[in-house]
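Residue-level structure breakdown
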Amino acid sequence: MVSHRYYFDWAATAIPVYTPVDTPWGNPSSLHSEGRAAHTALEDARRRCAAVLNVPSERLFFTSGATESNNIVLSSFLLRQQNTPLLYSAIEHSSIRETAALLKVYGKQMGIIGVEQDGRISRTTVIRAFEKYQRSRFAAIMAVNNEVGSIMDMADLVRAIREYAAVPVHIHSDIVQAVGKIPVALSEWDIDSAVLSAHKIGGPRGIGLLYLRKPLEVLFRGGGQEQHIRPGTENVAGAVALAACLEQYVYPETLKNNYEQAVSRNAYLISFLKTIPRCSLIPADRQAIDPRFSPYILHVAFEGIPGEVLVRALDDAGFAVSTGSACSVTRQERPVLAAMGINNHLTVEGIRISQGWLTTKEDIEALCTALQKLLYFL
Ligand code: PLP
């Protein structure tokens, strides 16, 4: 049994840095002192998040996380009579894909925005989708993909949509894997809604944010908290922790330093992997230093070894990696890789190695040594 653990599944959940302590525990809706203290703490957290994200604080809504936030936006279309096609990219997280499938069951017309072989959405694939679904008024495009790490040029894609579409389009972006990793500029990107999650940036689970540029009528009903967008008693401690994480990791100097260190560690890892004949990077043309991809996420396959087998073998050796999105781990299909045109056998053999701010060069070296040993036997 190994004693030291090496953690390489930051894209599933980051090692927590902030846990909520000492936050007022009252219900923010209560009128007594305990309630008012909680309300003040909640609103203070919202203001701090808004300052980091550079958006008005009244346009930010605390939710239980990104899955719920994505669901809130998409399911709101069930309340609308108009049936113009809703577009989402082929590489979206399951909380978009599965909700889109549900909307389809309820009669909504859905369309897919295709993806290039490198896992990025391009002007071409976006325009193609809008040519096919001319009347579309909604598009969901994630900023960074959680399985292969591809980075979208959000500002350019939004510009392309606004130039091409004859009608106003609501552009929604899942920025979960972008926040704290690459610069995020909601206002400059000119998007209408965005979602993020605290546990991907060192905060606790069960708290996230939804940014909405304009009010939205949502499906949820309840006590009217969060301006009716997310009714239900608020998670004050989570909100305070989320604000602290955003302040720490989105701070430009920290973001840049962390990014540069991740690039250097990832370049080392990729250069090592390129020396292994059985190893295929996904996509194959990913370079050691490659601005198309987040340096925090790497997808790789080893010929003849199912991803699940390697994940278990690495776990026994003390290393935590995953086969892909933690949210789809029980499913066999790999829709993101399939959309990129990745060979069937590679999708079965793929594993995701994701790092974070606490990952060290020594961790990467240990992983390389462990892989070398394991590949000898497997
Ligand atoms: N969107 C992306 C891109 C993710 O990586 C994840 C988590 O895996 C989610 C959404 C879901 O986030 P949460 O766990 O907050 O529901």
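Everything quoted here is computed from the prediction, not taken from an experiment.

Check the secondary structure of the chain and you find 12 helices and 12 strands. For the chain, the C-alpha radius of gyration of 21 Å lies close to 21 Å, the compact-globule estimate for 378 residues. Within the chain, buried positions represent 58% of all 378 residues. Here the analysis covers contacts within the chain between residues at least 6 apart in sequence; of these, 72% occur between residues at least 24 apart. Approximately 16400 Å² of the chain is accessible, and the part contributed by carbon and sulfur atoms is 53%. Of the side-chain charges in the chain, 37 are positive and 37 negative, and the distance between the mean point of each set is 4 Å.

The next thing to look at is helix α7 (residues 236–249). Taking 1.5 Å of rise per residue, 14 residues should cover 20 Å, and α7 covers 20 Å from first to last C-alpha, within 8% of that figure. Extensive coverage of α7 is indicated by the burial of 10 of its 14 residues. Along α7, the residues that are buried comprise Val236, Gly238, Ala239, Ala241, Leu242, Ala243, Ala244, Cys245, Leu246 and Tyr249. Buried residues in α7 make contact with α1 (33–53), β2 (60–63), β7 (193–197), β8 (208–212) and α8 (252–273). Its side-chain oxygen at 2.8 Å from the backbone nitrogen of Gly238, Asn235 defines the N-terminal cap of α7.

Cis geometry marks the peptide bond from Ile282 to Pro283, where omega comes out at 0°. Turning to its location among the elements, Pro283 is positioned in the loop between β9 (279–282) and β10 (297–302). The phi angle at His228 is positive, at roughly 70°, despite the residue not being glycine. Looking at the element boundaries, His228 is found in the loop between β8 and α7. The exposure class assigned to His228 is exposed, which follows from its relative accessible area of 55%.

As summarised here, the arrangement of the three strands in space is β9-β10-β12, forming an open sheet in which the pairing is antiparallel. Here the strands that pair on one side only, and so sit at the sheet edges, are β9 and β12 (350–354). Shown here is a sheet whose adjacent strand axes are inclined to one another by a mean of 35°, direction ignored. The sheet contact formed by β9 and β10 spans four bridges and is antiparallel. Residue pairing across strands places Ser280 opposite Ala301, the latter belonging to β10. The sheet contacts of α8 involve β9, β10 and β12, and relative to β10 the element is tilted by about 10°. Of the strands in this sheet, β10 and β12 touch helix α9 (residues 307–316), which is tilted by about 45° from β12.

The axes of two packed helices give the description: the angle between them and the distance between them. One can describe the packing of helix α2 (residues 66–75) onto helix α3 (residues 94–105) by two numbers: an axis separation of 9 Å at closest approach and a directional angle of 30°. Classified by the angle their axes make, α2 and α3 are roughly parallel. The interaxial crossing formed by α2 with α3 has right-handed handedness. From α2, Ala66, Thr67, Asn70, Asn71, Leu74 and Ser75 reach across to α3, where they touch Ser95, Ile96, Thr99, Ala100 and Leu103. Looking at side-chain class alone, the contact of α2 with α3 contains five nonpolar, six polar and no charged residues.

Should their charged atoms come close, side chains of opposite charge can pair. All told, the structure shown has 19 salt bridges when counted by the stated rule. Across the pair Arg159 and Asp156 runs a salt bridge, and its minimum N-O distance is 3.2 Å. Pair noted here: Arg159 and Asp156 are both in helix α5 (residues 154–164), with a separation of three residues, about one helical turn. Under the relative-accessibility criterion, Arg159 is labelled partly exposed at 44%. A salt bridge links Arg162 to Asp192, with the nearest nitrogen and oxygen atoms 3.0 Å apart. Separated by 30 residues along the polypeptide, Arg162 in helix α5 and Asp192 in the loop between α6 (186–189) and β7 bring together distant segments of the chain. Through salt bridges with shared partners, one network takes in Asp118, Asp285, Asp290 and Arg292.

The next subject is the packing of aromatic side chains. One pass over the structure, following the stated rule, counts seven aromatic pairs. Arranged with centres 6.5 Å apart and planes meeting at 20°, the rings of Phe8 and Phe319 form a pair that is stacked. With Phe8 in the loop between β1 (6–7) and α1 and Phe319 in strand β11 (residues 319–320), the pair connects residues that are 311 residues apart, well separated along the chain. Of the two residues examined, Phe8 and Phe319, each falls in the buried class. The interplanar angle of 85° and the centroid separation of 5.3 Å between the aromatic rings of Tyr376 and Phe377 together place this pair among those described as edge-to-face. Neither residue differs from the other here; Tyr376 and Phe377 are each classed as exposed. Here the aromatic cluster, defined as three or more aromatic residues joined through ring pairs, consists of Tyr7, Trp10, Tyr249 and Trp357. The aromatic ring of Phe77 is capped on one face by Arg80, whose charged end is 4.1 Å from the ring centroid. The residue whose ring lies beneath Lys181 is Tyr296, and the NZ or CZ to ring-centre distance is 5.3 Å.

About the cut-offs
Residues numbered from 1 in each chain as written. Predicted model: local features only at pLDDT ≥ 70, side-chain atom pairs only at ≥ 80, totals over all residues. Heavy atoms only, no water. Helix = DSSP H or I, 4+ residues; strand = E, 2+ residues; numbered from the N terminus. Rg over C-alpha atoms; globule rule 2.2 N^0.38 Å. Buried < 20%, exposed > 50% of the residue type's maximum accessible area, 1.4 Å probe, protein only. Contact = heavy atoms within 4.5 Å. Areas by Shrake-Rupley, 256 points an atom, 1.4 Å probe, with all protein chains shown as cover. Lys, Arg positive; Asp, Glu negative; His and termini not counted. Charge placed at Lys NZ, Arg CZ, Asp CG, Glu CD. Expected span 1.5 Å × (residues − 1). Polar contact = N/O pair within 3.5 Å; in protein donor to acceptor, adjacent residues only side chain to side chain. Pairing = 2+ DSSP bridges. Axes fitted to C-alpha atoms, helices over the stretch in contact; angles between N-to-C directions. Parallel < 35°, antiparallel > 145°, perpendicular 65-115°, else oblique. Left-handed = near helix turned anticlockwise from the far one by under 90°. Nonpolar A, V, L, I, M, F, W, Y, C, P; charged D, E, K, R; others polar. Salt bridge = Lys/Arg side-chain N within 4 Å of Asp/Glu carboxyl O. Phe/Tyr/Trp six-rings, centres within 6.5 Å; stacked < 30°, edge-to-face > 60°. Lys NZ or Arg CZ within 6 Å of the ring centre and 35° of its normal.

Scope: geometric values only; no functional claims are made or implied.
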